[in-house]
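Chain by chain, the residues run as shown.
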Amino acid sequence: MATEVLSLDSQTSRDAIARRAGAVLSNGGLVAFPTETVYGVGACTAVAGALERLRELKQRPPVKAFAVHIADPADVAQLVPDPPPLASRLMRKAWPGPLTLVVRGTVGDASPNDAGLNLSAVYVDGFVGLRCPDHPITRDILRMAGSPVVAASANPPGLPPPRTGDEVLQHFDGLVDVLVDAGPTEHAKASTVVRIDGDDYDIIRKGVYTAKTIRRLASKHILFVCTGNTCRSPMAAGIAAALLAERVKCEVCELPDRGILVTSAGIAGGWGSASAHALTAAERRRADIAAHRSSNLTVERIREADLILTMTRAHRNAVLDMVPSAHDRTATLLDGIDVRDPIGGDEQEYEACARTIEEGLRARLQEMSI
């Protein structure tokens, strides 16, 4: 029997397509679906025989696991309730997105409400693969399935992963029950696979995210925010970097190698370099901000930061207006007190501002585990 094709270009609503594909999965069928990377084919772990069909289709032995695909990052708690801090950091920054994480977990870690879901099938040697794809129809399908879905790229072994629905049908027409066709994928490249063990990670498959990107996402990232990003926040970032380098006993330029990023941005930034008085005040504190160039605050930068310290309460509100979920990671540098903007002032005003910033930083950094 030919594969049923559900096209997003048709008159059928996205909701109806997701419900149909989810129902097929929950009844033991195989469904091919798009992701932001390539097309995948999935099966529900809870249905007898479904996983075996997927293994046969992909010619994959039981010792090689499939990644569990989840609709929302919060769903990871069903499989790994207490992921390592590094894994949690990557999940927050990169999900939904083209990153598969392989983390430690056992069937016993799973929720007691998950009995009968055959979760043992997704763990191999104490590790489980996790993926939260960034494609709206696929996330809808995963929600509709009602139980964990494992998936792999929709291609025979040794052949390139498919980038279109037509490429899926070239090899799997009649072998999968449903194909959800959403046209060409965004990246046309597989997700990056990162294995995490404690505080260490290994890239076990190259993909959309480069090693440099993974390194950035894995780092502990402190972001300072002011208005124009020419005085307060660059001074704060420069002084913080100097203090952190002193703490971990390295040069400032070596902080990224220690997994620490310190940056700054402005809610109205993007114009010019650090002001002359800011350069002088920073230099007095062994902070070199001569290469700084003003940059604008973006949603992506907020999302990637582990700690966001703003110069005023208004700046904090601006951050949260952009990304409300950053609430627990965003605070004013000084508790309940604004750091006054010295712009237009003389050298003494900048010096006073830098002194205030340094005192606030010393208190804040004592609270941090870096």
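Please read all numbers here as calculations on a predicted model, not as lab measurements.

J.: Hey, could you run me through the overall build of the chain in this one?
T.: Along the chain, the regular secondary structure elements total eleven helices and 15 strands. Along the longest, intermediate and shortest principal axes, the C-alpha atoms of the chain span 80 × 45 × 35 Å. A sequence separation of at least 24 residues applies to 70% of the contacts in the chain between residues at least 6 apart. For the chain, the exposed area adds up to about 16900 Å²; of that, 50% sits on carbon and sulfur atoms.

J.: What is the right way to look at the nonpolar core in this model?
T.: Side chains that are nonpolar tend, in soluble globular proteins, to be buried together. Of all hydrophobic cores here, the largest spans 41 residues; its most connected members are Trp95, Leu101 and Leu130. Per-element accounting of this core gives the leading share, five residues, to helix α3 (residues 85-94). Not counting chain neighbours up to four residues away, the residues in contact with Leu130 comprise Ala67, Val68, Val76, Leu79, Val80, Met91, Trp95, Leu99, Thr100, Leu101 and Val103. One finds Phe224, Ala240, Leu244 and Leu365 within the second-largest nonpolar core, a separate group that totals 35 residues.

J.: Looking at this structure, how should I read the pairing of strand β5 (residues 99-104)?
T.: Residues in a regular strand point their side chains to alternate faces of the sheet. The buried count for β5 comes to five of six residues, which makes it a mostly enclosed element. Bridge analysis of β5 against strand β7 (residues 127-131) gives five bridges, and the strand direction is antiparallel. When the bridges of β7 are listed, Val103 appears paired with Val128.

J.: Got a minute to help me understand the state of the cysteines in this structure?
T.: Between two cysteines, a covalent bond joining their sulfur atoms is known as a disulfide. Per the counting criterion, the structure on display carries zero disulfides. Considering cysteine sulfurs only, Cys132 is the nearest to Cys44, which forms no disulfide, with 16 Å between them. Not part of a disulfide, Cys226 finds its nearest cysteine sulfur in Cys231, a span of 5.6 Å. On the basis of relative accessibility, which here comes to 2%, the residue Cys226 falls in the buried class.

J.: So what exactly am I meant to see when it comes to the pattern of salt bridges here?
T.: Two side chains of opposite charge can pair, provided their charged atoms sit close to one another. Counting across every chain of the model gives 25 salt bridges. Across the salt bridge formed by Arg131 and Glu36, the nearest N and O atoms sit 3.0 Å from each other. Of this pair, Arg131 sits in strand β7 while Glu36 is found in the loop between β2 (31-33) and β3 (40-44), placing the two residues 95 residues apart along the sequence. Its salt-bridge partner being Glu351, residue Arg355 comes within 3.8 Å of it at the nearest N-O pair. Taken as a pair, Arg355 and Glu351 lie in helix α11 (residues 347-367) at a separation of four residues, close to a single helical turn. Residue classification places Glu351 among the buried residues on the basis of a relative accessible area of 16%. Linked through salt bridges whose partners overlap, the residues forming this network are Arg284, Arg285, Glu347, Glu351, Arg355, Glu358 and Arg362.

J.: Looking at this structure, how should I read the packing of aromatic side chains?
T.: The tally for this structure, following the rule as stated, stands at zero aromatic pairs. When the ring centre of Phe127 is taken as origin, the NZ or CZ atom of Arg195, which lies over that ring, is 3.8 Å away.

J.: What exactly am I supposed to notice about helix α1 (residues 14-26) here?
T.: It helps to recall that an α-helix has 3.6 residues per turn; residues three or four apart then point in one direction. With 13 residues, α1 should cover 18 Å at 1.5 Å per step; its first-to-last C-alpha distance of 18 Å lies within 8% of that length. Residues of α1 that are buried: Ile17, Ala18, Ala21, Gly22, Val24 and Leu25. With its buried residues spanning 160 degrees around the axis, α1 presents them on a single face. Lining the buried residues of α1 we find β1 (4-7), β2, β3, α4 (136-145), β8 (149-153) and β9 (178-181). In the segment just after α1, Gly28 is the residue with positive phi, at about 95 degrees.

J.: Is there a simple way to think about the packing of helix α8 (residues 276-283) against α11 in this case?
T.: Angle between the axes and distance between the axes are the two parameters that describe a pair of packed helices. Two elements in contact, α8 and α11, have axes whose closest approach is 9 Å; the angle formed by their N-to-C orientations is 50 degrees. The angle between α8 and α11 falls in the class oblique. Like other packed secondary-structure pairs, α8 and α11 cross with a definite hand, here right-handed. Contacts from His277, Ala278, Thr280 and Ala281 in α8 reach Glu347, Tyr350, Glu351 and Ala354 in α11. Residues belonging to the contact of α8 with α11 are distributed by class as follows: four nonpolar, two polar and two charged.

J.: What is the right way to read the packing of α3 against helix α6 (residues 211-218) from this model?
T.: Here α3 crosses α6 at 110 degrees, and the two axes come no closer than 9 Å. The pairing of α3 with α6 is recorded here as roughly perpendicular in orientation. Note that α3 runs across α6; the crossing there is right-handed. For the pair α3 and α6, the contacting residues are Leu86, Arg89, Leu90, Lys93 and Ala94 in the first and Ile214, Arg216, Leu217 and Ala218 in the second.

J.: Would you mind showing me how to read the side chain of Lys93 here?
T.: Its place among the elements puts Lys93 in helix α3. Only 2.8 Å separates the side chain of Lys93 from the backbone oxygen of Ser219, close enough to count as a polar contact.

J.: Even after reading the chapter, I still don't get α3, so can you show me in this structure?
T.: The buried fraction of α3 amounts to seven of the ten residues, a majority that puts the element mostly inside the structure. Within α3, the full set of buried residues consists of Leu86, Ala87, Arg89, Leu90, Met91, Lys93 and Ala94.

J.: I keep staring at the sheet that holds strand β12 (residues 220-226) and nothing clicks. Help me out?
T.: Taken in spatial order, the four strands make up an open sheet running β13-β12-β14-β15, and their pairing is parallel. Whereas interior strands pair on both sides, the edge strands pair on one side only; in this sheet they are β13 (260-266) and β15 (330-332). Strand-to-strand twist across the sheet, computed as the mean angle between neighbouring axes with direction ignored, equals 25 degrees.

Analysis parameters
- Residues numbered from 1 in each chain as written.
- Predicted model: local features only at pLDDT ≥ 70, side-chain atom pairs only at ≥ 80, totals over all residues.
- Heavy atoms only, no water.
- Helix = DSSP H or I, 4+ residues; strand = E, 2+ residues; numbered from the N terminus.
- Contact = heavy atoms within 4.5 Å.
- Areas by Shrake-Rupley, 256 points an atom, 1.4 Å probe, with all protein chains shown as cover.
- Core = buried A, V, L, I, M, F, W, Y, C linked by side-chain atoms within 4.5 Å.
- Buried < 20%, exposed > 50% of the residue type's maximum accessible area, 1.4 Å probe, protein only.
- Pairing = 2+ DSSP bridges.
- Disulfide = S-S within 2.5 Å.
- Salt bridge = Lys/Arg side-chain N within 4 Å of Asp/Glu carboxyl O.
- Phe/Tyr/Trp six-rings, centres within 6.5 Å; stacked < 30°, edge-to-face > 60°.
- Lys NZ or Arg CZ within 6 Å of the ring centre and 35° of its normal.
- Expected span 1.5 Å × (residues − 1).
- Arc of directions from axis to C-beta.
- Axes fitted to C-alpha atoms, helices over the stretch in contact; angles between N-to-C directions.
- Parallel < 35°, antiparallel > 145°, perpendicular 65-115°, else oblique.
- Left-handed = near helix turned anticlockwise from the far one by under 90°.
- Nonpolar A, V, L, I, M, F, W, Y, C, P; charged D, E, K, R; others polar.
- Polar contact = N/O pair within 3.5 Å; in protein donor to acceptor, adjacent residues only side chain to side chain.

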